[in-house]
Amino acid sequence: MLLAVAAALVIVLDAAVVVVPQALADQGSASRGSGALIADAATQSPIALMIDPTPTPSAAPTPTPTPTLKPTPKPTAKPKAKYVDSVANARLYVKRTIGLTQYNCIDQLFQHESKWNPRAMFPSNGDPTTASYGIPQAHPGIKMAAYGSNWRTSPLTQVKWGIWYVNNRYGSACAAQAFKKNHGWY
């Protein structure tokens, strides 16, 4: 008989191990559940617990949405700005090429020689191939053809030649300006 009581106690203890934690986990289940009788393991006296026989359904976890990757747009080639062969752009070219100090010197030279006029001619005999011509007053003007076939009309071609000339003949634009101050020509 003792063996039968011990087996019953093991069964009751197994039930208590499973049922009691579940009953304690369910908050407020005592008010809505049905009664069940189990034995307290320490005192072996029956204890009435209110246990809900149906588990409380929990909300299903909502999946975290994964961001959709938008395709990266292909870069489009920016249209190149049209270059305008102007005196203003030629001045910018000179500043960027020889720096501000040398620019100030060459600006005084070109201002005195032609007032930055790409069609300035001296003497004004009408033939730019034999007269001093253009912004730097190349003599004869046709020398500037080494920098472009558009030497008669292009301020950029003319200042490129002018920079080359003052650097090769005088070493710098400021040295050319100093020479002109002393001699009246360059």
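Below is a summary of the structure that appears in this document. (Residues numbered from 1 in each chain as written. Predicted model: local features only at pLDDT ≥ 70, side-chain atom pairs only at ≥ 80, totals over all residues. Heavy atoms only, no water.)

Section: the packing of helix H3 (residues 155-170) against helix H4 (residues 173-183)
And step 1. Put simply, H3 and H4 touch, their axes get as near as 8 Å, and they point 75° apart. Taken together, the axis directions place H3 and H4 in an arrangement best described as roughly perpendicular. Of H4, the residues touching H3 (which contributes Val166, Asn167 and Tyr170) are Ala173, Ala175, Ala176 and Phe179.
And step 2. Of the residues contributing to the contact of H3 with H4, the split by class is six nonpolar, one polar and no charged. (Axes fitted to C-alpha atoms, helices over the stretch in contact; angles between N-to-C directions. Helix = DSSP H or I, 4+ residues; strand = E, 2+ residues; numbered from the N terminus. Parallel < 35°, antiparallel > 145°, perpendicular 65-115°, else oblique. Contact = heavy atoms within 4.5 Å. Nonpolar A, V, L, I, M, F, W, Y, C, P; charged D, E, K, R; others polar.)

Structural notes on the environment of Arg119
And step 1. Locating Arg119 in the fold gives a position in the loop between helix H2 (87-114) and strand E3 (121-122).
And step 2. Spatially, the C-alpha atoms of Arg119 and Tyr133 are 6.7 Å apart, while their sequence positions differ by 14 residues.
And step 3. Beyond its immediate stretch of four places on either side in the chain, Arg119 contacts Tyr133, Arg152 and Thr153.

Digging into the packing of aromatic side chains
Geometry of an aromatic ring pair is reported as the spacing of the ring centres plus the angle between the planes.
And step 1. Scanning the entire structure with this criterion turns up 11 aromatic pairs.
And step 2. Geometrically, the ring pair formed by Tyr165 and Tyr170 is edge-to-face, given 6.2 Å between the ring centres and 80° between the ring planes. Take Tyr165 and Tyr170: they sit in the same class, and that class is buried.
And step 3. Summarising the aromatic geometry, the rings of Tyr170 and Phe179 are spaced 5.1 Å apart at their centres and angled 40° between planes, so their arrangement reads as tilted.
And step 4. Residue Tyr170 is classed as buried on the basis of its relative accessible area of 17%.
And step 5. Through pairs of rings, three or more aromatic residues link up here, namely Tyr147, Trp161, Trp164, Tyr165, Tyr170, Phe179, Trp185 and Tyr186.
And step 6. One residue, Lys95, lies across the ring of Tyr103, its end atom 5.1 Å from the ring centre.
And step 7. Lying over the aromatic face of Tyr93, Lys160 brings its terminal NZ or CZ to 5.5 Å of the ring centre. (Phe/Tyr/Trp six-rings, centres within 6.5 Å; stacked < 30°, edge-to-face > 60°. Buried < 20%, exposed > 50% of the residue type's maximum accessible area, 1.4 Å probe, protein only. Lys NZ or Arg CZ within 6 Å of the ring centre and 35° of its normal.)

Function cannot be inferred from these measures alone, as they are strictly geometric.
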